[in-house]
Amino acid sequence: MKVELPLILKDNRDSFLISDLKGELHTHKGVIDLSEIKGKSYGDVVKTHKGHAFKILPFTPSDFFRHFKRGATPIMPKDIGAIVAMCGLKPDSLILDAGTGSGMIAAYLAYFNKYGEVVTVEKRAEFAKIARENFRLAKLKNVHQIIGDVHEVAEGFKKEFDLIVLDMKDDYLFIPSAKKLLKVGSYIAVYNPYIEPSRRVYEVMKKEGFTDLECFEILKNDYEFKRVGTRPLTRVWHTGFIVIGRKC
Ligand SMILES: C[S@@+](CC[C@H](N)C(=O)[O-])C[C@H]1O[C@@H](n2cnc3c(N)ncnc32)[C@H](O)[C@@H]1O
């Protein structure tokens, strides 16, 4: 298959995002003339002036986390995976995401929600701008960005949502509004790096009558296989806690 932009140039260690076929890419293994990529197919190689080969690969969701620009700290793929798998996501869902931050979870939700829409709300314009660039890079057309405070913005929503994701300060204050905005049988997922706010969210959800409540964290331990033996590679393994509830 002939290459399309953006694409990835990859060797065993490095991954470079290419959005333009003009000019040169300088790597520590030499310089690549990007015009040489024209007319090539995925799986072909391009070589640096020192002869080091990079494979040409398509840009896919597995590249979002590595190559998206960062504003606010994004949710990691392991946590996004749990939310996607546990919260009844269908490919035609209407999803509310607050705050947008770097747009990481919004992008994954939009990608796996091909026929639906993600409404993502961010109060800081500079973060919304970074997220917009990321959505453009990922060619996502089904993300609707709103700049504003979700507490105020939500008062104007006329439709009910299939999923609400919160990753923002004072998340617990939005739980009563979320209850009103969700369709019956739908989920809310709240991500938080600290356990105290997660507990508060859990308690407010319980008070609001959400069911199937769960508070958990996902641990992903990476291992390195060395000649002398195998050992954990992950040094910081904690990212955040997720609280999930269902409106019944
Ligand atoms: C940790 S970041 C979210 C990261 C995002 N989930 C991602 O995966 O890239 C939290 C964001 O929430 C925004 N925020 C905080 N309170 C908000 C509110 N009331 N309404 C809208 N956005 C808010 C912050 O400005 C910040 O950008």
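Since the structure is predicted, the reported quantities are computational estimates derived from the model, not experimental observations.

Thresholds applied
- Residues numbered from 1 in each chain as written.
- Predicted model: local features only at pLDDT ≥ 70, side-chain atom pairs only at ≥ 80, totals over all residues.
- Heavy atoms only, no water.
- Pairing = 2+ DSSP bridges.
- Helix = DSSP H or I, 4+ residues; strand = E, 2+ residues; numbered from the N terminus.
- Axes fitted to C-alpha atoms, helices over the stretch in contact; angles between N-to-C directions.
- Contact = heavy atoms within 4.5 Å.
- Core = buried A, V, L, I, M, F, W, Y, C linked by side-chain atoms within 4.5 Å.
- Buried < 20%, exposed > 50% of the residue type's maximum accessible area, 1.4 Å probe, protein only.
- Parallel < 35°, antiparallel > 145°, perpendicular 65-115°, else oblique.
- Left-handed = near helix turned anticlockwise from the far one by under 90°.
- Nonpolar A, V, L, I, M, F, W, Y, C, P; charged D, E, K, R; others polar.

1. Points about the sheet that holds strand E8 (residues 117-122)
Line of reasoning, step 1. One open sheet holds the 7 strands; their spatial order is E9-E8-E7-E10-E11-E15-E12, and the pairing between them is mixed. Two strands in the sheet have a free side with no partner beyond their single neighbour: strand E9 (143-147) and strand E12 (211-216). Going across the sheet, the axis of each strand differs from the next one's by a mean of 15°, ignoring polarity.
Line of reasoning, step 2. Sheet strands touched by helix H2 (residues 77-86): strand E10 (161-166), strand E11 (182-192), E12 and strand E15 (241-246). Its angle to E15, the strand with the most contacts, is close to 10°.
Line of reasoning, step 3. Here helix H3 (residues 104-111) sits on the sheet and contacts strand E7 (94-98), E8, E9 and E10; the angle it forms with E8, its principal contact strand, is near 170°.

2. What about the nonpolar core?
Line of reasoning, step 1. Among the nonpolar cores identified, the biggest contains 34 residues, and Phe64, Phe68, Leu109 and Leu163 are the most heavily contacted of them.
Line of reasoning, step 2. Going through the elements one at a time, helix H1 (64-67), H2, H3, helix H4 (125-137), E10, E11 and E15 are the ones with two or more residues in this core.
Line of reasoning, step 3. Counting residues per element, this core draws most heavily on H3, which supplies 7 residues.
Line of reasoning, step 4. In contact with Phe64, not counting residues within four places along its chain, are Phe59, Met104, Ala107, Tyr108, Tyr111 and Ala138.
Line of reasoning, step 5. Counting residues in each nonpolar core, the second largest holds 27 residues, with Val119, Phe161, Ala178 and Met205 among its members.

3. Details of the sheet that holds strand E5 (residues 45-47)
Line of reasoning, step 1. The strand order across the open sheet formed by 4 strands is E2-E1-E6-E5, and the pairing between neighbours is antiparallel. A strand with exactly one partner marks an edge of an open sheet, and here the two such strands are strand E2 (15-18) and E5. Going from strand to strand, the sheet's axes swing by 30° on average, the running direction of each strand aside.
Line of reasoning, step 2. The pairing of E5 with strand E6 (residues 53-58) spans 3 bridges and is antiparallel.

4. Description of the packing of H2 against H3
A packed helix pair is summarised by two numbers, namely the angle formed by the two axes and the spacing between the axes.
Line of reasoning, step 1. Direction vectors running N to C along H2 and H3 enclose 45°, while the axes themselves pass 10 Å from each other. Relative to H3, the element H2 is oriented oblique. Judged by the twist between their axes, the crossing of H2 over H3 is right-handed. Contacts between H2 and H3 involve Pro77, Ile80, Ile83 and Val84 from the first element and Met104, Ile105, Tyr108 and Leu109 from the second.
Line of reasoning, step 2. Tallied by class, the residues present in the contact of H2 with H3 amount to 8 nonpolar, no polar and no charged.

Distances and angles like these do not, on their own, reveal function.
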